[in-house]
2 protein chains.
Amino acid sequence: MGGDHGPPVVVPAVVRAISLLPEDVRFLLHGDQAVIAAALARQPAAARRIEIHPAERVIAMDEKPAQALRRGKGTSMWNAVEALREGRAAAAVSAGNTGALMAISRLILRMTADLERPALVTSIPTLGTTFLDVGANIDCDAERLVEFAIMGEAYHRAAHGVAKPTVGLLNVGSEEMKGHEEVREAHRVLREGKIDLDYRGFVEGDDITRGAVDVIVTDGFTGNVTLKAMEGAARFMGAELRSALFSGPLSSLGAILARSALMKFRERMSPTPAAPLLGLNGIVLKAHGGASTRDFTMAVQLAVDLARSDFSAEIERNMRRLPDALAEPAPAGAIEANGVTPHGAAPQGARE
Amino acid sequence: MGGDHGPPVVVPAVVRAISLLPEDVRFLLHGDQAVIAAALARQPAAARRIEIHPAERVIAMDEKPAQALRRGKGTSMWNAVEALREGRAAAAVSAGNTGALMAISRLILRMTADLERPALVTSIPTLGTTFLDVGANIDCDAERLVEFAIMGEAYHRAAHGVAKPTVGLLNVGSEEMKGHEEVREAHRVLREGKIDLDYRGFVEGDDITRGAVDVIVTDGFTGNVTLKAMEGAARFMGAELRSALFSGPLSSLGAILARSALMKFRERMSPTPAAPLLGLNGIVLKAHGGASTRDFTMAVQLAVDLARSDFSAEIERNMRRLPDALAEPAPAGAIEANGVTPHGAAPQGARE
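Only a predicted model underlies this, so the values are computations on that prediction, with no experimental measurement involved. (Residues numbered from 1 in each chain as written. Chains lettered and ligands numbered in written order. Predicted model: local features only at pLDDT ≥ 70, side-chain atom pairs only at ≥ 80, totals over all residues. Heavy atoms only, no water.)

1. Quick notes on the relation of the copies chain A and chain B
For these two chains of identical sequence, chain A goes onto chain B by a turn of 180° and a shift of 0.0 Å along the axis, with RMSD 0.1 Å. Such a combination of turn and shift is consistent with a two-fold rotation axis. Residue Gly 254 of chain A, judged by its C-alpha, is the member of chain A lying nearest the rotation axis, at 1.7 Å. Both copies present the same face, since 100% of the interface residues in chain A are matched by interface residues at the equivalent positions in chain B. (Least-squares fit on C-alpha atoms with pLDDT ≥ 70 in both. Contact = heavy atoms within 4.5 Å.)

As structure tokens, this is what we get:
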């Protein structure tokens, strides 16, 4: 029922996904029974793989998360996540209110990671680079950054079929001593290799669109601002390009001749249609509010890829390695420290 | 002597600036006397307004700041900043090593603000939005963010002639409770109005290229990553656009016809040629290492604009208001708190 369009986009997208996916993939559609049934009326083949689960209420796109939690029970979104917890579904997809979906998913499914909220992931257009957290967890210590690395790596493998994705940590420079304490500590933990990841070290802002690594990790504040700034820059460039191209008759003719190339370009630059909420006991995908039928079909396919993959178990394996990896390294002993030790505190062996 | 090109760019730029600037603007050129004199040989008119100050040594572009401080004395960069401290110059411009210029300027001129290092400013192409700190001060408390607002606003007025620039604070959303503690506290201080600024509240990443406000303030970590990400996104889009345009004969013909428009577009997107180091007792400008003659001419003109403006005094005035503005607001008394007070701790007056 969610998103800017609701059933007129979601139902045709599910019908389309059914035609593309194996026979054993089935769907529960939560929402207004009459509306969904009407949309399915001329799709008997697809309808056989769909169960409609009536839900009388809907969470509005502008509802606050706290309000969604209070009055969420019995809404289509709540029921979809509830079906996941009860094992009746393997993944949930929604184009609805992001904040509400995060809050309801956290409440019903519980977090596996030590996060305020599920981490938000995005994929950089064209390159498919996985970038997280893009806004859910504002304050991040080293542990959270490492958790993002673990979850983002497993997600990237499941979504893109890359056997061993490479991981980088976003920073202001590539040298060891750069950045704030949290990022330097996360770098130490990831570099030591106790977490099973192909960690490549620090990356910088311009590496996001360079495809330097498959997975780029940052805190939710930096990730949110950076992603929006990049989207803004792309929009700004597009507008400037249009105004430059149509500034004179010759360039306008050129623009018309190059029209299909410019449209292809625009399509390649458009953001990914769906992203998982990471750190939950269950697979929940958030499709863009303005998702088209094609976008929502892709979101459904991504949900199936994730549900069929080993990604939850992989995350769990690496998460179990985390406490040991986070433990402080043995401090450099007083003995090695140029032989200089505080008077009276020198270990016996150092005296000789 | 600095930058990727040295005197072959700097000397012609100064000659060009002299032809554009009033008679009373004069120049001290620090560096290799023979090289500079040769470059000036056929410019007798300009040479009359230039003093060459021989400096035998140069700071390399890849020198570490600590090393530059140790062996910097007597280099062209050191002497240029020293002339500023001694009152022999009103502003210093360099295309050299940024880290070295920051360290040497801080040592010789001293900071006025409570910063690790001078703040780095950039101007967003086309719009001229002032954006800081873009990488010098990684850890920023509320006080530093407010200092950036004060300095950025005064800079924007001096550089762009805007009487009352508008100021925004970069955050993940525009609501009061969004973001981390530092940004919310800086918001409180700026909103209360004790600092003389036209503060417009929180702005988001995509507002940077929207021209929502004249001055956008953030910490050096977020600013550095965001700026590089935007530059990367612009480069990436440019490359994708080229490959889309030349993907077929019709679109290639279109691209050729639109060539001048595309070049104009590219020029409008290129970054600003120079930025001041803010927070110093003196006006120091860093020109882009790869600055062209035209870029360096603009850097010199900007230095003159700043030196002639009231900007240092304006910053000082607002900085003096800072301690009072930062003081915690009076806490809400127990009496007003719905009359509920801990048993036995209620003030006498509240009992009636």
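And the narrative resumes.
2. A word on the interface of chain A and chain B
Taken residue by residue, the interface counts 52 residues in chain A and 52 residues in chain B. In total, about 4400 Å² of surface goes out of reach between chain A and chain B, with carbon and sulfur atoms giving 73% of it. At the boundary of chain A and chain B, one finds four salt bridges. With a shortest N-O distance of 3.4 Å, Asp 206 of chain A and Arg 235 of chain B are connected by a salt bridge. Counting across the chain A and chain B interface gives eight residue pairs in polar contact (both at pLDDT 80 or more). Every element with two or more residues in the side of chain A that touches chain B is listed here: helix H9 (220-245), helix H10 (249-257) and helix H11 (259-269) of chain A. Per-class residue counts for the side of chain A that touches chain B are 25 nonpolar, 15 polar and 12 charged. (Buried area = accessible area lost by both parts, 1.4 Å probe. Salt bridge = Lys/Arg side-chain N within 4 Å of Asp/Glu carboxyl O. Polar contact = N/O pair within 3.5 Å; in protein donor to acceptor, adjacent residues only side chain to side chain. Helix = DSSP H or I, 4+ residues; strand = E, 2+ residues; numbered from the N terminus. Nonpolar A, V, L, I, M, F, W, Y, C, P; charged D, E, K, R; others polar.)

3. Some remarks on the pairing of strand E1 (residues 27-31) of chain B
Residues and elements named next belong to chain B. Here E1 lies mainly inside the structure; four of its five residues are buried. Where E1 lies against strand E2 (residues 50-54), five bridges are found, and the strand directions are parallel. Residue pairing in the sheet places Leu 28 in a bridge with Glu 51 of E2. (Buried < 20%, exposed > 50% of the residue type's maximum accessible area, 1.4 Å probe, protein only. Pairing = 2+ DSSP bridges.)

4. Considering the side chain of Arg 157 of chain A
All names here are of chain A. Counting through the fold element by element, Arg 157 comes out in helix H7 (residues 142-160). A distance of 2.9 Å separates the side chain of Arg 157 from the backbone oxygen of Ala 163, its partner in a polar contact. Look past the residues within four positions of Arg 157 in its chain and what remains in contact with it is Val 162, Ala 163, Lys 164, Pro 165 and Glu 314.

5. A short note on the sheet that holds strand E5 (residues 130-132) of chain B
Residues and elements named next belong to chain B. The strand order across the open sheet built from eight strands is E3-E10-E9-E4-E5-E8-E6-E7, with neighbouring strands paired in mixed fashion. The outermost strands of the open sheet, each flanked by one partner alone, are strand E3 (92-94) and strand E7 (198-203). Within the sheet, the average angular offset between the axes of one strand and its neighbour, ignoring direction, is 25°. Judged from the four bridges that link them, strand E6 (residues 166-170) and E7 form a sheet pairing that is parallel. Looking across to E7, one finds that Leu 169 is bridged to Phe 202. Taken strand by strand, helix H12 (residues 293-308) contacts E3, strand E9 (274-278) and strand E10 (284-287), and its axis lies near 165° from that of E10. (Axes fitted to C-alpha atoms, helices over the stretch in contact; angles between N-to-C directions.)

6. Description of the pattern of salt bridges
Applying the stated criterion across every chain yields a total of 34 salt bridges over all chains. Linking Arg 71 of chain A and Glu 63 of chain A is a salt bridge whose minimum nitrogen-to-oxygen distance equals 2.5 Å. Between Glu 82 of chain A and Arg 85 of chain A there is a salt bridge whose closest N-O contact spans 2.6 Å. One end of the pair, Glu 82 of chain A, and the other, Arg 85 of chain A, are both in helix H5 (residues 76-85), three residues apart, so they sit about a helical turn from each other. Note on Arg 85 of chain A: relative accessible area 47%, which makes it partly exposed. Connected via shared salt-bridge partners are Asp 206, Asp 207 and Arg 210 of chain A together with Arg 235 of chain B.

7. Considering the pairing of strand E6 (residues 166-170) of chain A
When a strand is regular, its side chains alternate between the sheet's two faces. All names here are of chain A. The element E6 is largely enclosed, with a buried count of five among its five residues. By the alternation rule, side chains of E6 split into Thr 166, Gly 168 and Leu 170 and Val 167 and Leu 169, which are all buried. Handedness of the β-α-β unit built from E6, helix H8 (residues 181-191) and strand E7 (residues 198-203) comes out right-handed. (Right-handed = clockwise from strand over helix to strand, strands pointing away.)

8. A closer look at the environment of Glu 56 of chain A
Here Glu 56 of chain A is to be found in the loop between strand E2 (50-54) and helix H4 (65-71). For the pair Glu 56 of chain A and Gly 74 of chain A, spaced 18 residues apart in sequence, the C-alpha to C-alpha distance is 7.1 Å.

9. Some words on the environment of Glu 314 of chain A
Residues and elements named next belong to chain A. The topology assignment puts Glu 314 in helix H13 (residues 311-326). Judged by relative accessible area, which is 16%, Glu 314 ranks as buried. Once you skip the residues sitting within four places of it in the chain, Glu 314 turns out to touch Ala 154 and Arg 157.

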